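# Structural features, examined
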Amino acid sequence: MFNKRTEVAKVLNDGQPGEEMIVMGWVRTFRNNQFIALNDGSTNINLQVVAPLGKFEDALLRRLNTGTAIRATGKVVASPGKGQRVELVADQIDILGDSDAEKYPLQPKKHSLEFLREIAHLRFRTNTFASVFRVRSIVAYAIHKFFVDKGFVYLHAPIITASDAEGAGETFHVTNFDLANVPKDEHGKVDFKEDFFGRSANLTVSGQLEAELAATALGNVYTFGPTFRAENSNTARHLAEFWMIEPEMAFYDLEDNMDLAEAFIKYIIRYALTHCPDDMAFLANRLAEEEKQKPQQERSEMGLVEKLQFVIDNNFERITYTEAIDILKNSNHNKKKKFQYPVNEWGIDLQSEHERYLVEKHFKKPVILYNYPKEIKAFYMRQNEDGRTVAAMDILAPGIGEIVGGSQREERLDQLQSRMKEMGISEEELFWYLDIRRFGTVPHAGFGLGFERMVQFITGMTNIRDVIPFPRYPKNVEF
RNA sequence: UCCUCCUUAGCUCAGUUGGUUAGAGCAUCUGACUGUUAAUCAGGGGGUCGUUGGUUCAAGUCCAACAGGAGGAGCCA
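What you see is a predicted model, and the numbers here were worked out from it, not measured in a lab.

### Section: the protein's contact with RNA strand B
Neighbouring residues of RNA strand B: 52 residues in total, closest N32, R117, N232, T235 and R453. Here, RNA strand B places atoms within 4 Å of the protein, and 49% of those atoms are sugar or phosphate. The contact in question runs from a base nitrogen of RNA strand B to an N or O atom on the side chain of E87, over 2.7 Å. Contact distances for RNA strand B include 2.4 Å between a phosphate oxygen and a side-chain N or O atom of Q351. Within the residue set of the surface near RNA strand B, elements represented by two or more residues are strand 1 (20–31), helix 3 (113–118), strand 11 (241–250), helix 11 (352–363) and strand 15 (401–408). In terms of residue class, the surface near RNA strand B is made up of 14 nonpolar, 21 polar and 17 charged.

Set out below in structure tokens:
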């Protein structure tokens, strides 16, 4: 019975006058006592279901509130009204689920994103979030398609790990201790020998190290899974639980790595544009409306779809860290002391304002920065000949900041060991990581891409909490 | 975690130098109208002014702490 329904998107696209159909969905508005705007999540465009005057009981019509779930059976007709090609004239309307108009929080009007975040269980029913999550789904699919088509192996890195040696941020502990009664050893410290895993465990902050193990046997692999950081970050681009894609490729150097990352980003953007044209148009329009509220100089020059097309059509700018420092140091912005953190010497870590200047003011397109000072990067990155930089690369996107971070990995055992010693990282704990260099080591490289940041970039949503169904961040695990 | 700003009706917001009974639009309810596109028109209901404490004859308005939110920063993806 239920599987005989036709999706609204299909009715709107293919429905021919005279066809009998069953549609099901939720009432968005009920106008003029006869026009139901019906939405079933297949598209943001509503199907107009017509309840001819006098055909239905008043008691039924009064229940057609915003949010009510209905089934309508009827005939497709060419619409005499403006705004839609076809509509459905109902022979029968059944209420599947009532919605009390006085209590239902969503109204046929604009709501703020902040308000909708507080009712995240209902926000899927708005056009904006329906579009965002359809696009998110397509982007996830495009990611798998890109790698699988290239022969990459999809690797499931563990969610629970024991290694916290990587230093990629604060971890969430995993334990089954009774927290009111934690076992202690003779020194009064927590006795993890008593814990489930017999040692301290935590949620993964990255699948990279495990991906390297697989890459040095399978060739090219990628991970795509949830990642957890217990950082107290309160920003529009951080989450405590987010999804990350981490490809890792044997026999790749830094340049190969940059080529792949750039092709990858362009591929998934193109995929979203070609497979979600209606949603992208809706999101572009939404963003344009939002920008109208801003002062002129803060508005972006391009619309969302234009901006994405521009990214696809142009090469990313590739410059070394050293060149970036020169550009920043000699910029009028720096000379006029407009940076909160002035740029005067080689070796500083770039601040958000510096990255934004390079991407949004100077180059006005995505920028790949590479060959960073080794002091500001992780232990596993390959040391360059100059003795002071490592083969790292970050991709910076306009409006989002760092979207990709990657590097060629240090495959030489001696260099890796000396770097670990300098940074105080235990060789014992990471014996398995070093074993890869002991037996048949090869040059290899990889990168990490923040999935939500990518979805933000594609959908134009400015807050990362609005591109994941149920965002987790400090003081928030509702729903 | 730090800095700045915000919190008034279901939602979005006004509310003057502290001074009677706190307003508007939308939503909701009632009625009218009926080919409407967030329908339109008329009328009604709806508020512990984020919480706690303080100053004052008097606090939505001033002060403090706390909570939540926004923007920026740090950490990063």
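Moving on from the coordinates now.
### Observations concerning helix 6 (residues 254–275)
In this model, helix 6 (22 residues) spans 31 Å end to end at C-alpha, consistent with the 32 Å of a helix rising 1.5 Å per residue. Residue D253 occupies the N-cap position of helix 6, its side-chain oxygen lying 3.1 Å from the main-chain nitrogen of E255.

### Side note on the sheet that holds strand 13 (residues 367–373)
The eight strands are arranged 6-10-11-16-15-14-13-12 in an open sheet whose pairing can be described as mixed. Two strands lie at the open edges of the sheet, namely strand 6 (153–154) and strand 12 (317–320), each paired on one side alone. When strand 11 meets strand 16 (residues 444–450), the two strands line up antiparallel, connected through five bridges. Counted as the bridge partner of A250 is H444 from strand 16.

### Structural notes on the confidence of the model for chain A
Across chain A, pLDDT averages 91, with 97% of residues at or above 70. Per-element averaging of pLDDT across chain A places helix 10 (residues 332–335) at the bottom with 87 and strand 6 at the top with 97.

### Quick word on the nonpolar core
Among the nonpolar cores identified, the biggest contains 67 residues, and F264, I265, I269 and M393 are the most heavily contacted of them. When residues of this core are assigned to their parent elements, the largest contribution, eleven residues, is made by helix 6. Excluding residues that lie within four positions of it along the chain, I265 makes contacts with F316, I395, I403, V404, L449 and M454. Counting 28 residues, the second largest nonpolar core, distinct from the first, contains L358, F379, M381 and I425.

### Things to note about the domain arrangement of chain A
By the assigned domains, chain A splits into domain 1 (8–108) and domain 2 (125–170 + 205–466). At the junction of the two partners, domain 1 supplies eleven residues and domain 2 supplies nine residues. The largest contributions to the domain 1 side of the interface with domain 2 come from R28, N44 and L106, which together make up 60% of the buried area.

### Quick look at the pattern of salt bridges
One pass over the structure, following the stated rule, counts 26 salt bridges. Between R437 and E212 there is a salt bridge, and its shortest N-O distance comes to 2.8 Å. A residue pair is termed long-range when its members are at least 10 positions apart, and R437 in helix 13 (residues 431–438) and E212 in helix 5 (residues 208–218) qualify at 225 residues. The class for E212 is buried, based on a relative accessible area of 0%.

### Digging into the sheet that holds strand 1
One closed barrel holds the five strands; their spatial order is 1-2-3-5-4, and the pairing between them is mixed. Across the sheet, the mean angle from the axis of one strand to that of its neighbour is 55°, orientation sign disregarded. Looking at chain direction, strand 3 (residues 47–50) and strand 5 (residues 86–97) are connected through two bridges and run parallel. Across the sheet, residue V49 finds its bridge partner in strand 5, namely L88.

Reading guide: rules and limits
- Residues numbered from 1 in each chain as written.
- Chains lettered and ligands numbered in written order.
- Predicted model: local features only at pLDDT ≥ 70, side-chain atom pairs only at ≥ 80, totals over all residues.
- Heavy atoms only, no water.
- Near = heavy atom within 4 Å.
- Polar contact = N/O pair within 3.5 Å; in protein donor to acceptor, adjacent residues only side chain to side chain.
- Helix = DSSP H or I, 4+ residues; strand = E, 2+ residues; numbered from the N terminus.
- Nonpolar A, V, L, I, M, F, W, Y, C, P; charged D, E, K, R; others polar.
- Expected span 1.5 Å × (residues − 1).
- Pairing = 2+ DSSP bridges.
- pLDDT = per-residue confidence, 0-100.
- Core = buried A, V, L, I, M, F, W, Y, C linked by side-chain atoms within 4.5 Å.
- Buried < 20%, exposed > 50% of the residue type's maximum accessible area, 1.4 Å probe, protein only.
- Contact = heavy atoms within 4.5 Å.
- Domains from an automatic or database assignment.
- Buried area = accessible area lost by both parts, 1.4 Å probe.
- Salt bridge = Lys/Arg side-chain N within 4 Å of Asp/Glu carboxyl O.
- Axes fitted to C-alpha atoms, helices over the stretch in contact; angles between N-to-C directions.

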